[in-house]
Amino acid sequence: MPQATKLSAPTAAPTPALPVRGQTDHLRLIAEMTREFTASHDYQTIAHSALERITRYIGAEAASLFLLTDNGETLACSACYGPVDITGLRISAKTGVVGRAVQTREGSMVRDVSEDADFGASVDAKTGFTTRSLLVAPLNIGQDCLGAIEIINRVDGDGLFEADDLVLLETLARAAALAINNYRLTEQIVQQERERHELELAAEIQRDLLPQPSSREFPIHGINIPARSVSGDFFDIMTLPDGRIWFNVGDVSGKGMNAALLMAKTSSLFRCLAKSAEHPGQLLNAINSELCETNSRGMFVTMVGGLFDPATGRLTLTNAGHEPPLHFDLRTERFTPIPADGPPLGIMPGIAGSDGYAVTEIDLAGGMLYVFTDGLTEATTFGGGMLGIDGARALIRDHAEESPDIRLKSISGAVKLPGQSLRDDLTLLVVEDMMTARAASMPPPRLEAMSTDGEILRLRVPARPDRLKLIRAAVEQAAKYCEATEAWTFDLTMAVDEACQNIIRHAYGNRPDAGDIVVDFIRRGDCMEVHLMDFAEPVDPSKVKSRDLSEVRPGGLGVHLIKSVCDEAQFVPPPPGIGNLFKLTKRLPSKLQ
Amino acid sequence: MSYEIREVSGAAIVALTGDVDLQTSPAVRQKLLESLDKHKRIVVDLSAVHYIDSSGVASLVEAFQISRKKGASFSLASVSAAAMRVLSLARLDKVFTIHSSVEAALAPQA
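First, a word on scope: everything that follows refers to the structure included in this document. Counting from 1, residues in each chain are numbered in the order their sequence is written. Working convention: letters from A go to chains and numbers from 1 go to ligands, in the order in which they are written. Thresholds applied to this predicted model are a pLDDT of at least 70 for local features of residues and 80 or more for the giving and counting of side-chain atom pairs; totals over whole chains, interfaces and linings are not thresholded and use all residues. As a rule here, side-chain values come from all non-hydrogen atoms in the structure, and water together with hydrogens is ignored.

**Describing the overall build of chain A**
- Assigned secondary structure in chain A consists of 15 helices and 21 strands.
- In chain A, of all internal contacts separated by at least 6 residues, the share reaching a separation of at least 24 is 64%.
- Accessibility throughout is a Shrake-Rupley quantity obtained with a 1.4 Å probe, and a residue counts as covered only by protein chains that appear here. Counting every atom, chain A has about 28000 Å² of accessible surface; 52% of that belongs to carbon and sulfur. Runs of H or I in DSSP of at least four residues are treated as helices and runs of E of at least two as strands, each being numbered from the N terminus. Residue contacts are counted whenever heavy atoms from the two residues lie within 4.5 Å of one another.

**Let's talk about the sheet that holds strand S17 (residues 454-462) of chain A**
All names here are of chain A.
- The strand order across the open sheet built from 5 strands is S17-S18-S19-S21-S20, with neighbouring strands paired in antiparallel fashion. Two strands bound the open sheet, and with one partner strand each, they are S17 and strand S20 (568-572). Strand-to-strand twist of the sheet, defined as the mean angle between neighbouring strand axes without regard to direction, takes the value 15°.
- Axis lines are fitted to C-alpha atoms, over the contacting stretch for helices. Their N-to-C directions set the angle, which ranges from 0 to 180 degrees. Sitting on the sheet, helix H13 (residues 468-481) is in contact with S17, strand S18 (516-524) and strand S19 (527-534), with an inclination near 175° to S17.
- Contacts from helix H14 (residues 486-507) reach S18, S19 and strand S21 (580-587), with the element oriented near 15° to S19. At least two DSSP bridges between two strands are required for those strands to pair.

**A short note on the interface of chain A and chain B**
- Between chain A and chain B, the residue contacts involve 26 residues of the former and 22 residues of the latter.
- A simple way to read buried area is as the amount of 1.4 Å-probe accessible surface that goes missing from two parts once joined, with both sides added. For the pairing of chain A and chain B, the buried interface totals around 1900 Å² over both sides, and the portion due to carbon and sulfur atoms is 64%.
- Here a salt bridge means any side-chain nitrogen of Lys or Arg lying within 4 Å of a carboxyl oxygen belonging to Asp or Glu. Across the contact surface, chain A and chain B share 3 salt bridges.
- In this structure, the salt-bridge partner of Arg85(B) is Asp491(A), at a minimum N-O distance of 2.4 Å.
- N or O atoms closer than or at 3.5 Å make up a polar contact, with two conditions inside protein: a donor-capable atom paired with an acceptor-capable one, and, for residues adjacent in sequence, both atoms drawn from side chains. Applying the counting rule to chain A against chain B returns 8 residue pairs in polar contact (both at pLDDT 80 or more).
- The set of elements that each furnish at least two residues to the side of chain A that touches chain B consists of H13, H14 and helix H15 (558-565) of chain A.
- For the side of chain A that touches chain B, the element with the most residues is H14(A), which contributes 9 residues.
- Here the term charged refers only to Asp, Glu, Lys and Arg, the term nonpolar to Ala, Val, Leu, Ile, Met, Phe, Trp, Tyr, Cys and Pro, and the term polar to all other amino acids, Gly among them. Tallied by class, residues from the side of chain A that touches chain B come to 11 nonpolar, 6 polar and 9 charged.

**Quick look at the side chain of Thr74(A)**
Residues and elements named next belong to chain A.
- Mapped onto the elements of the fold, Thr74 is located in strand S2 (residues 74-81).
- Reaching out from Thr74, the side chain makes a polar contact with the side chain of Asp70 at a distance of 3.0 Å.
- If we skip the residues at most four places from it in the chain, Thr74 touches Leu67, Leu68, Thr69, Arg90, Ile91 and Ala93.

**Some points on a nonpolar patch on the surface**
- Patch building starts from residues that exceed 30% relative accessible area and form no salt bridge, then joins like charges within 9 Å and nonpolar side chains (Val, Leu, Ile, Met, Phe, Trp, Tyr) within 5 Å. On the surface, a cluster of nonpolar side chains totalling about 250 Å² of accessible area is made up of Met1(B), Tyr3(B) and Ile5(B).
- Inspection of the secondary structure puts Ile5(B) in strand S1 (residues 2-8).

**Observations regarding the sheet that holds strand S9 (residues 245-252) of chain A**
Residues and elements named next belong to chain A.
- Strand order across the open sheet formed by 5 strands is S8-S9-S10-S11-S14, with antiparallel pairing between neighbours. Each edge of the open sheet is held by one strand with a lone partner, namely strand S8 (233-239) and strand S14 (360-363). Direction aside, the axes of adjacent strands within the sheet are offset by 15° on average.
- For strand S11 (residues 314-320) and S14, the ladder comprises 4 bridges, and the chain directions are antiparallel. Along S14, the bridge assignment pairs Arg314 with Asp363.
- Running over the sheet, helix H8 (residues 280-294) touches S9, strand S10 (301-309) and S11 and is turned about 150° from S10.

**Comments concerning unusual backbone geometry**
Residue and element names in this part refer to chain B.
- The backbone of Ser78 sits at a positive phi, close to 50°, despite the residue not being glycine.
- Relative to the assigned elements, Ser78 resides in the loop between strand S4 (73-77) and helix H3 (81-89).
- Backbone geometry places Arg91, a non-glycine residue, at a positive phi of 55°.
- Under the relative-accessibility criterion, Arg91 is labelled exposed at 56%. Any residue under 20% of the maximum accessible area for its type is buried, any over 50% is exposed, and the rest in between are partly exposed; the area is computed with a 1.4 Å probe on protein chains only.

Take a look at the structure:
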């Protein structure tokens, strides 16, 4: 072994240190070592340099630094100085001279190794180095011990260490222990900072994966608020060349980086596979297969995927284990949950059975579909309780009149306490049936009843005085359908006529061909509801007042007449695309009367 | 909607038939104001009015107000059930002078 021959030659040993050493020199050495430890983050270089200083100062042949690892079971050489490089060498922390120092927390001197039973000659056997005498000092810091420094073979004199040498090494070891501890703490902070930076990058990538905010006129809007910097939730909106729109809302099990990565993968799969899928069931089957091929660690994804056709207001929907979306009917203010019919994605190929994920068809009929993650329903409200599904419904109802982008912010803002982060990621998406977009393709209104309860007829006419007679005729027919009395019919006819006049005169400002009026006649139990919709600028309801009847003057009488004969008459929040919605309710005459 | 104006002993009898609504009330108003220019006494026959809306009522109110300024007489006669319903809802049934028939309206006042 070439090193062995080299070692045996005394000329290869380091230059001996100055023979005379005083307190000042000790302090200078400690000060220099400490400065080096704190000045750099290159641990290996510092440790090596410190060992070199110590070795030369004491006048020894070699030195090594052992640090405890494997929960204190093993000592690993993390740096060394001298003719043989034993960096990486692992020895037991329970045996040997170094092990003894670590166990007893005390330094020791083995003046002559041949006289110490604890000395293990196995290292020498491996390296070819001959150890004659050694000094060991533990790296104590408080109650803990980090490892030990070992100095081997004095080069001057008889080649054996003195008691003074041990005192010096113990002092230096204490400084080294402190420096190593500081270094480790710094490393931890650096590592945390690095992880934080990585998370920030991941969050940025994730934000880029979310779609840009939709324009106010667009029928689908979404919002995502991560609980931490990265989110396991996501949503996406993608318009096909034929105008149909794919959308999804997903929730990855778990949180943090792994969830974010799975989210990114699922999101990409959705975008990629949606282009060739015919319906959401097929699409979710395909995503499930892909995820199962590579997914691990038991993570899975719940998802609602849908394809909306703005031209018809209809959509197809598939739910893979996700929170049931809510269909909100603006006219009745009723919610219909669309239940989860399939298992989550990424658990097992073909998990949804031989037919794959089922597809539900929904006609929004001027209403909206809300898709959200449990971050909404499980969010803490200002009151401290959980929002729940009823709370979510109430919020949706409360903000129904706001434009969709504002509405989503209002709803999510109601559960995100200012300055506090959410317990879970929150994602909310709304699909709205914009009636105006469909007006051109709407079939002509048919003057026929559809069922005993529900819509009786719908009328769409230009907002012109010469159409009022037609509207009155429609009211009479609708009332006749409900077997109403003549007097009842007359009153409702008058109310509808007056309401339409207001649309012509006030909403459309008497402009000829300014727009249409849509009148919906709806039977609801023992009431008839008439919904009058226009496409004009919203009217300020506070300016539409009934007149003071003590004042005899023309005009301003219409609203008074309406209110006199109806049980309810009020402006209600219009569905998207409708300017104003004025709703009349009149109780049908009892058959007994 | 149609209307007929006849003159009986210096009074103008304006008989309205059909629906008086936003579409037809401007013409009704016009006729009423013209009649007020020529006559000191106006009787509006509402027996054949199937429907009258707030704009029709407003025309009647306007004619009534002008007649008072001019010192002319303005009354309604033979008001149909439909028209009476609207007038009473508007609480104008106590404002207008209402006669059971055109003849009663033309009868010399006591």
